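# Chain and residue survey
The residues making up each chain are set out below.
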Amino acid sequence: LHAVELRCGDGHTLPLPDAKDLLPPLREALEIYSEAHHHSEQTDGSFTVSGLPNMRLFRDGFLLAEGEGFEQCREPYAIRQVSDNFGELLFHASRAQVALQEIFVPPPSGSRWPPGSTRTSLLCIKQAIFAYNPGVKQRQAAEIKAKVHFQPGDGE
């Protein structure tokens, strides 16, 4: 429960009755997580994915470990924003999400893959047990993230 109090961040402690009510569902959630973690480590692709270094896409389409790319004097592609209009950016994000979904699940099913759901039997990645579609970030969450990340650079 101490971890929950730390995550709340308001400095208040949980009253004892509330803490007692939280313990059973927290224990159950931790048990489910531990079981899923153990299961994921037993699958064929687990070591392969977890053993990979962080990689970036460098010019000319090379996917390399970050240090390796810089050693070869390659520059990563710059992230470019196509518009300053926030609504337009969200529109492009939704189109990019559908394009990404269709890589894993061919059309027309990929474009009708609802957020929050999973798909199995992925043709392009045989080792994957499933893929999860988080969907496009909601407008309010995207605005908060943009404000946190970029407002200090705007001098506001």
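Residues numbered from 1 in each chain as written. Predicted model: local features only at pLDDT ≥ 70, side-chain atom pairs only at ≥ 80, totals over all residues. Heavy atoms only, no water.

What follows concerns the overall build of the chain. If you tally the helices and strands in the chain, you get six helices and four strands. Shown N-terminal to C-terminal, the secondary structure of the chain runs as helices and strands in the order α-α-α-β-β-α-α-β-β-α. For the chain, the residues scored as buried account for 13% of the 156 residues in total. Sequence-distant contacts in the chain: of pairs separated by 6 or more residues, those separated by 24 or more amount to 16%. By element, 58% of the accessible surface of the chain is carried by carbon and sulfur atoms, the whole surface being about 12700 Å². (Helix = DSSP H or I, 4+ residues; strand = E, 2+ residues; numbered from the N terminus. Buried < 20%, exposed > 50% of the residue type's maximum accessible area, 1.4 Å probe, protein only. Contact = heavy atoms within 4.5 Å. Areas by Shrake-Rupley, 256 points an atom, 1.4 Å probe, with all protein chains shown as cover.)

Counting across every chain of the model gives one salt bridge. Across the pair E143 and R139 runs a salt bridge whose closest N-O atoms are separated by 3.1 Å. Of the two residues, E143 and R139 are both situated in helix α6 (residues 139-154); the distance of four residues between them amounts to about one turn of the helix. You can call R139 partly exposed: its relative accessible area is 42%. (Salt bridge = Lys/Arg side-chain N within 4 Å of Asp/Glu carboxyl O.)

Relative to strand β2 (residues 62-65), strand β1 (residues 55-58) runs antiparallel, the two sharing four bridges. Bridging from a neighbouring strand, L57 pairs with L63 of β2. As consecutive antiparallel partners, β1 and β2 are separated by three residues, and within that stretch D60 has a phi angle of approximately 70°, a positive value. (Pairing = 2+ DSSP bridges.)

Before going further, it helps to spend a moment on the side chain of N133. The residue N133 is located in the loop between β4 (130-132) and α6 in this model. At 2.8 Å, the side chain of N133 and the backbone oxygen of W113 are in polar contact. Sequence-distant contacts of N133, that is, excluding residues within four places in its chain, are made with Q97, Q101, W113, P114, P115, G116 and S117. (Polar contact = N/O pair within 3.5 Å; in protein donor to acceptor, adjacent residues only side chain to side chain.)

Glancing now at helix α2 (residues 16-42). The first and last C-alpha atoms of α2 sit 39 Å apart over 27 residues, in line with the 39 Å expected at 1.5 Å per residue. For α2, the principal kink sits at L23 and spans about 30°; a proline, P24, occurs within the next four residues. (Expected span 1.5 Å × (residues − 1). Bend = angle between axes of the 7 residues up to and from the residue.)

Turning our attention to the confidence of the model for the chain. Overall, the prediction assigns the chain a mean pLDDT of 77, with 78% of residues at 70 or greater. Taken element by element, the chain is modelled with least confidence in helix α3 (residues 46-50), mean pLDDT 61, and with most confidence in helix α5 (residues 86-104), mean pLDDT 86. (pLDDT = per-residue confidence, 0-100.)

So, on to the environment of G116. Considering the arrangement of structural elements, one finds G116 in the loop between α5 and β3 (118-120). On a C-alpha basis, the gap between G116 and Y132 in space is 6.9 Å, while along the polypeptide they are 16 residues apart.

Another point: the side chain of Q101. Inspection of the secondary structure puts Q101 in helix α5. Among the polar contacts listed, one links the side chain of Q101 to the side chain of N133, at a separation of 3.1 Å.

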